[in-house]
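Working through the structure, step by step
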Amino acid sequence: MEWLAAQPFCTGRIGMQGISYGGHTTMLTAVQQPPHLTAIIPVQALSDWYENTIYHGGIYNARIRDWQQTTAPDTLETYPQHPLYDDFWRERSIRHRYDRLTVPVLDVGGWLDQYRQAMVENFRGDTWMVAGPWPHGMVPGQPEDIAFAGYLAWWDHWLADRPAPLPRSRVTSYEMPDHGWRHFDSWPPADAVSRQWFPGTDGSLTGGEPGIAEFDQDGGQLVFEARLAEDLVITGGLVATLRAGTTGPDGNIAVVLDDVDATGEAVRISQGWLKLSHRDGHDHLAAIQPGTLYDVTVPIWATHHRIVAGHTLRVTLSSEDHPQIDTERLPGRIRVELGGASVITASVLT
């Protein structure tokens, strides 16, 4: 960066842009604060390599192994040597260095991308966020492509002193699955409210019956549903707060939210995962007493999704969500206290 700044062809103002791994290096460069870095465009970029990419809730991300094998095979040995969060991972994170993210940021991501939680975590300070209906990969050519003009306008504004507009709002977000672009001044939106659902032993999400339910860690699951009488727009963070434990030495919990139409066709809204021994953080293992229930929090990736009236919100609890997490088939069963002791919470617009 500083070598570029010293060249006769350089104005001394430098921008950096990249997608995926290039987005990661863009963010990691920015928090090093090179003096001549003026603005950045990270696309589908990390906030934390451990949680975003390698260990989902403390459970290994199965889908990343193909990338490791073809691109960074040495990491197949080094990453498993660091199952807990330590200095190895802190060096590969910006989450602990947000105070050093001081340049203007055009943060581009997708609601179908594996880095969408990182995208909203990175929305802070002098940041404009653009969240489209995109999976991981190059944005140009995808549906609702924002094209290159937006990137060029950003560089004209910050690097070239040309009259070019910034995004008209801090957040430009596509309402999933197919409801178009929306504009907000903050994320979550300022007028969003908290909504809660309480799973019960009768399979309901609204006022369900209390009790203990169980599922086997080798293919078992619990399913809860609520049919919506009016549209509901989920905007922002979600979390599952569960009273749960395992009859075995450890347990995996996957929480999956689906939008189910009248024909039974389901569209995934979001998901989250947690290894029970990581319930107090990823830097140490929490003791587990088989059969004991604990208060655990399962973070669920942020989203912007409209469930229309007549559709059903479905929540599935299990120990499997391949390829997002390894299928470990741990011994024992997961036990969950329902009917008020466990709750799903979301930020919503009504």
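Another aspect to go through is the overall build of the protein chain. Helix and strand content of the protein chain: eight helices and 18 strands. The C-alpha atoms of the protein chain give 21 Å as radius of gyration, which agrees with the globular expectation for 350 residues (20 Å, within 12%). Each principal axis of the C-alpha distribution contributes one length, and for the protein chain these read about 70 × 50 × 35 Å. Looking at the 350 residues of the protein chain, the share that counts as buried comes to 53%. With 25 positive and 43 negative side-chain charges, the protein chain shows a separation of 2 Å between the mean positions of the two kinds.

This part covers a nonpolar patch on the surface. A contiguous nonpolar patch, built from Trp-3, Leu-4 and Phe-9 and spanning about 380 Å² of accessible area, is present on the exposed surface. Take Leu-4: it is sitting in helix 1 (residues 2-5).

This part takes up the environment of Glu-51. Inspection of the secondary structure puts Glu-51 in helix 3 (residues 49-54). For Glu-51, a relative accessible area of 28% puts it in the partly exposed group. Here the alpha-carbon distance between Glu-51 and Thr-25, two residues 26 residues apart in the chain, equals 17 Å. Ignoring anything within four residues of it in the chain, the contact list for Glu-51 reads His-56, Arg-95 and His-282. In this structure the side chain of Glu-51 is engaged in a polar contact, spanning 2.9 Å, whose partner is the side chain of Arg-95.

Once that is clear, we can look at the sheet that holds strand 5 (residues 105-112). Overall, mixed pairing links the six strands, which are arranged 1-2-5-6-7-8 in an open sheet. Of all the strands in the sheet, the pair left with one neighbour each is strand 1 (14-19) and strand 8 (181-184). Strand-to-strand twist in this sheet, taken as the mean axis angle between neighbours without regard to direction, amounts to 15°. Of the pairings in the sheet, the one linking strand 7 (residues 171-174) to strand 8 comprises four bridges and is antiparallel in character. The partner of Tyr-174 across the bridge, within strand 8, is Trp-181. Strands strand 1, strand 2 (37-43), strand 5 and strand 6 (127-135) of the sheet are contacted by helix 8 (residues 149-159), whose axis makes an angle of about 165° with strand 2.

With that out of the way, let us pick up the pairing of strand 16 (residues 312-318). The side chains of a regular strand alternate, first on one face of the sheet and then on the other. Counting buried positions over the seven residues of strand 16 gives six, a clear majority of the element. Sheet topology places strand 11 (residues 221-227) next to strand 16; seven bridges connect them, and they run antiparallel. Of the residues in strand 16, the one forming a bridge with Val-223 is Thr-316. Inspection of the sheet shows strand 13 (residues 252-260) paired to strand 16 by seven bridges, in the antiparallel sense. Paired with Val-255 across the strands is Leu-317, a residue of strand 16.

All right, on to the side chain of Thr-127 then. With respect to the helices and strands, the residue Thr-127 is situated in strand 6. A distance of 2.5 Å separates a polar atom in the side chain of Thr-127 from the backbone oxygen of Arg-124.

Let us now look at the side chain of Ser-347. Looking at where Ser-347 falls in the secondary structure, it is placed in strand 18 (residues 343-349). What Ser-347 contacts, discounting residues up to four positions off in sequence, is Pro-188, Ala-192, Val-193, Val-233, Ile-234, Thr-235, Gly-236 and Gly-237.

Turning to the sheet that holds strand 14 (residues 266-275), a few remarks are in order. Pairing in this open sheet of four strands is antiparallel, and the strands run 11-16-13-14 from one edge to the other. The outermost strands of the open sheet, each flanked by one partner alone, are strand 11 and strand 14. Taking each pair of neighbouring strands and ignoring which way they run, the sheet shows an average axis angle of 15°.

Among all positions of helix 2 (residues 21-30), only Gly-23, His-24, Thr-26, Met-27 and Ala-30 are buried. Taken around the axis of helix 2, the buried residues stretch over an arc of 160°, which confines them to a single face. Where helix 2 is buried, its residues touch strand 1, strand 2 and helix 3.

With 35 residues, the main nonpolar core has Trp-197, Ile-253, Val-255, Leu-257 and Leu-317 as its most contacted residues. No other element matches the six residues that strand 12 (residues 232-246) contributes to this core. Setting aside chain neighbours within four positions, we find Ile-253 in contact with Leu-242, Ala-244, Gly-272, Trp-273, Leu-274, Leu-276, Val-298, Ser-318 and Ile-334. By size, the runner-up hydrophobic cluster in this structure holds 25 residues, among which are Ala-30, Trp-49, Tyr-85 and Phe-88.

Take the environment of Ser-47 next. Within the fold, Ser-47 resides in the loop between strand 2 and helix 3. It is 19 Å that separates the C-alpha atoms of Ser-47 and Arg-170, two residues lying 123 residues apart in sequence. The residues contacting Ser-47, other than those within four sequence positions of it, are Asn-52, Ser-93, Ile-94, Arg-95, Tyr-98, Ala-118, Glu-121 and Asn-122.

Procedures and definitions
Residues numbered from 1 in each chain as written. Predicted model: local features only at pLDDT ≥ 70, side-chain atom pairs only at ≥ 80, totals over all residues. Heavy atoms only, no water. Helix = DSSP H or I, 4+ residues; strand = E, 2+ residues; numbered from the N terminus. Rg over C-alpha atoms; globule rule 2.2 N^0.38 Å. Buried < 20%, exposed > 50% of the residue type's maximum accessible area, 1.4 Å probe, protein only. Lys, Arg positive; Asp, Glu negative; His and termini not counted. Charge placed at Lys NZ, Arg CZ, Asp CG, Glu CD. Patch = residues over 30% accessible without salt bridge, like charges linked within 9 Å, V, L, I, M, F, W, Y side chains within 5 Å. Areas by Shrake-Rupley, 256 points an atom, 1.4 Å probe, with all protein chains shown as cover. Salt bridge = Lys/Arg side-chain N within 4 Å of Asp/Glu carboxyl O. Contact = heavy atoms within 4.5 Å. Polar contact = N/O pair within 3.5 Å; in protein donor to acceptor, adjacent residues only side chain to side chain. Pairing = 2+ DSSP bridges. Axes fitted to C-alpha atoms, helices over the stretch in contact; angles between N-to-C directions. Arc of directions from axis to C-beta. Core = buried A, V, L, I, M, F, W, Y, C linked by side-chain atoms within 4.5 Å.

Limitation: the analysis is restricted to geometry and does not speak to function.
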